[in-house]
Amino acid sequence: MDRIELIHLRTASIADRDAALAAFGQLSWSDWESDLKEIRLLRNCILTLDLSLLIVWRSRVCPNTKSPLGLRLAAAFSDFGQINHSVWDCEANVNASRQESTP
């Protein structure tokens, strides 16, 4: 199963949100770690000042710590607003194409 780091950013203004979006587009991804599967940038559809970075790791182990990459991203985006950084382990999922659940 995947391990997920979630970095939630609540910006104070549209200008801060737009600056965070621009900063994400300018990041260099040359130092991707081997277990890194993907990074998604999400924008809240209702709370327009909220953004989330979803960092997905290929890992069956959920360590009790945040990754160095996640810590760097959280620190970088803290310039644009309030950060909440957490680590999650995928307990189960449903594959829509096969319509089956996996533990």
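What comes next is a walk through the structure. Since we're looking at a predicted model, the values are computed, not measured.

Let's shift gears to the environment of D79. Following the sequence through the fold, D79 ends up in the loop between α2 (68-77) and β4 (81-89). Here the alpha-carbon distance between D79 and T11, two residues 68 residues apart in the chain, equals 9.3 Å.

Let's shift gears to empty space enclosed by the protein. Tallying each qualifying case throughout the model produces 1 cavity of 30 Å³ or more. Of the pockets and cavities examined, the largest cavity occupies roughly 40 Å³. What lines the largest cavity is I7, L9, L41, L51, S52, L53 and F77. Elements with a contribution of two residues or more to the lining of the largest cavity: β1 (2-11) and β3 (50-58).

What follows deals with the side chain of E5. Among the structural elements, E5 can be located in strand β1. Despite being buried, E5 has no salt bridge partner; R3 is the closest side chain of opposite charge, sitting 4.2 Å away. Engagement of the side chain of E5 in a polar contact is seen with the side chain of H85, the distance being 2.7 Å. Once residues within four sequence positions are removed from consideration, E5 is found in contact with L53, L54, I55, W57, K66, S67, G70, H85, S86 and V87.

Grouped together as the largest cluster of nonpolar side chains are 15 residues, with contacts concentrated most on I39, L53, I55, L73 and F77. Of all elements in the fold, only β1, α1 (14-26), β2 (36-43), β3 and α2 reach the threshold of two or more residues within this core. Leaving out residues up to four positions away in the same chain, I55 has contacts with R3, I4, E5, I7, L36, E38, I39, G70 and L73.

Glancing now at the environment of L41. Among the secondary structure elements, L41 is positioned in strand β2. Judged by its relative accessible area of 28%, L41 is partly exposed. Along the primary structure L41 and I55 are separated by 14 residues, whereas in three dimensions their C-alpha atoms are 8.9 Å apart. Ignoring sequence-local partners within four residues, the contact set of L41 consists of L21, F24, L51, S52 and L53.

Quick notes on the rules
Residues numbered from 1 in each chain as written. Predicted model: local features only at pLDDT ≥ 70, side-chain atom pairs only at ≥ 80, totals over all residues. Heavy atoms only, no water. Helix = DSSP H or I, 4+ residues; strand = E, 2+ residues; numbered from the N terminus. 1 Å grid on protein atoms, 1.4 Å probe; cavity = no way out; pocket = protein on both sides within 12 Å on 5 of 7 lines; lining within 4 Å. Points joined across faces, edges and corners; volume = space filled by probe spheres on them. Buried < 20%, exposed > 50% of the residue type's maximum accessible area, 1.4 Å probe, protein only. Lys, Arg positive; Asp, Glu negative; His and termini not counted. Salt bridge = Lys/Arg side-chain N within 4 Å of Asp/Glu carboxyl O. Polar contact = N/O pair within 3.5 Å; in protein donor to acceptor, adjacent residues only side chain to side chain. Contact = heavy atoms within 4.5 Å. Core = buried A, V, L, I, M, F, W, Y, C linked by side-chain atoms within 4.5 Å.

So, to be careful, I would describe these as geometric facts and stop short of saying anything about function.
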